[in-house]
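Report on the structure
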Amino acid sequence: MSVPTAALESSVCAPLPVLGQNVTVPLVTGGEVTYAALDYAASAPALQRVWDDVAAYAPYYGSVHRGAGYLSQLSTDLFENSRRTVAEFLGCRADDQVVFTRSTTDSLNLLAAAIPADCQVFVYETEHHASLLPWRDAQVTYLNAPRTPAQAVESLERALAGRDPYGPALVCVTGASNVTGELWPVRELAAAAHAHGARIVLDAAQLAPHHPVDIAELDVDWVAFSGHKLYAPFGSGVLAGRADWLQAAEPYLAGGGASRKVARRADGGVDVDWHTTAARHEAGSPNVIGVYSIASACKALTEAGFEGLVAREQELVGRVREGLAEVPEVRVLSLFGDDAPRVGVISFVVRGWNSSHFAAALSAEYGIGVRDGLFCAHPLVRTLLGSDPQDPGECGAPEAEPGERSLNAIRVSFGAGTPDEHIDRFLRAVTELVREGARWNYRTEDGRCVPDRGEAAQV
């Protein structure tokens, strides 16, 4: 999968308005600065359009599906219209289902609970834990990290050709890495999976906010993503795709909403008639506001012109990579090489720096929010860092003191709401920290590197 040429040739969009774009934060060196949110890969700031839509709906909020009152009926229409909006945004096929969940993690755990009992699952070690770990009750084959897109396809084809017995199989793959931002050859992997009688689910958590996703065009069987990475708050996610495995499986959660009819038996037991629609896996009172916020974000991105958003983001990616390349001490992490197409997610390490120390200094001295750690993709980051799989390290700061080598990396990520100034400030800060060092002393507290309450560093 690559960035379409048409996207790069289209007019570049201006940054979309997002919440928090004028928030100021204090600096340890004195004064305040406008916060530079460069941690989009964890949670993107909500689009102002999404917030406005939710605020307009909020007075009309009501329970869905079973209420006779006007607000309940209005909320039901809004909820189901949101389902149709998401289906259009994803290019769903006519018989696909859109199931609303809490997150990408929840979506993939739902699918894991719905796969046939004898299903074999194939997943690369490069996956985020959300797609690496849910398959606990299946026979799982973990594929080694490929070093080229072609190698990814070849290794999958070999694994699928060698599986025995020949039964149901599922391939799980990311669309864009949450560590390197690199785009994966989704269409080619889907073709390989289907050629060997397997299905494929796409983890689009990092792809959907940065790049159009079309289920039919990519020929994937399911897509999962999270609203909070798609500029939509309130903790909702999506699993969209083929209905048959979902309809045949026991409800993900048993309860109201998933059941059509419940009756007592003569022997004292209970008979349940479960829904066969998406409601089968949406038991309980759904997160109506969260679902509506996802639909609003889908509309906002589409109406803004996704091709223009992609083009602008590619310009930012080029500027960040060029700026980091001018600092010899910085090593950008990559699986597929410098020429690989990627979204606005870039991880790196700095020679002579503990990654947590560097990230803390970016925040405390420059008002820049990035992330350090293993990014819930431990096997991948350890592979990229060349460390032993048994080396310590976790999703957070290491125990190493400032200045000591860490087994973690630093991740900068951005998107549709990122102003040019945030990128410029980040690159200037990286250069100054490497050349001049931190201006403040730091210490480790509760596993995090934080500014010391003492005096500034002697530089």
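One can find the structure itself at the top, above this paragraph.
The present account deals with the structure reproduced in this document. (Residues numbered from 1 in each chain as written. Predicted model: local features only at pLDDT ≥ 70, side-chain atom pairs only at ≥ 80, totals over all residues. Heavy atoms only, no water.)

The strand order across the open sheet built from 7 strands is β4-β10-β9-β8-β7-β5-β6, with neighbouring strands paired in mixed fashion. Of all strands in the sheet, those bounded by a partner on one side alone are β4 (97-101) and β6 (139-143). Between one strand axis and the next, the sheet turns through 20° on average, direction left out of account. Relative to strand β10 (residues 237-241), strand β9 (residues 222-226) runs antiparallel, the two sharing 5 bridges. Bridging from a neighbouring strand, Val223 pairs with Ala240 of β10. Along the sheet face, helix α4 (residues 104-114) touches β4, β7 (169-174), β8 (199-203), β9 and β10 and points at about 150° away from the line of β9. Each of β5 (120-124), β6 and β7 is contacted by helix α6 (residues 149-161), which is oriented at about 160° to β5, the strand it contacts most. (Pairing = 2+ DSSP bridges. Helix = DSSP H or I, 4+ residues; strand = E, 2+ residues; numbered from the N terminus. Axes fitted to C-alpha atoms, helices over the stretch in contact; angles between N-to-C directions. Contact = heavy atoms within 4.5 Å.)

In this structure, Leu90 and Phe225 are the most contacted members of the largest nonpolar core, which totals 84 residues. Of all the elements, helix α10 (residues 288-304) adds the most residues to this core, at 8 residues. What Phe225 contacts, discounting residues up to four positions off in sequence, is Val86, Leu90, Ser103, Thr104, Ala204, Ala205, Ala208, Leu230, Gly237, Val238 and Ile294. Counting 35 residues, the second-largest nonpolar core is a separate cluster that includes Tyr366, Ile410, Val434 and Trp440. (Core = buried A, V, L, I, M, F, W, Y, C linked by side-chain atoms within 4.5 Å. Buried < 20%, exposed > 50% of the residue type's maximum accessible area, 1.4 Å probe, protein only.)

Between the first and last C-alpha of helix α3 (residues 70-90) there are 30 Å, a value that for 21 residues agrees with the 30 Å anticipated at 1.5 Å per step. Buried residues of α3: Ser72, Ser75, Thr76, Leu78, Phe79, Ser82, Arg83, Thr85, Val86, Phe89 and Leu90, and no others. Positive phi appears at Gly91, one or two residues downstream of α3, with a value of about 65°. (Expected span 1.5 Å × (residues − 1).)

Before going further, it helps to spend a moment on the pairing of β8. Counting buried positions along β8 gives 5 out of 5 residues, so the element sits mostly inside the fold. As defined by bridge partners, β7 adjoins β8 across 5 bridges and the pair is classed as parallel. Following the sheet pairing, Thr174 is matched in β8 by Asp203. For the handedness criterion, the β-α-β arrangement of β7, helix α7 (residues 186-195) and β8 is classed as right-handed. Here β8 pairs with β9 via 3 bridges, running parallel. Residue pairing across strands places Val201 opposite Trp222, the latter belonging to β9. (Right-handed = clockwise from strand over helix to strand, strands pointing away.)

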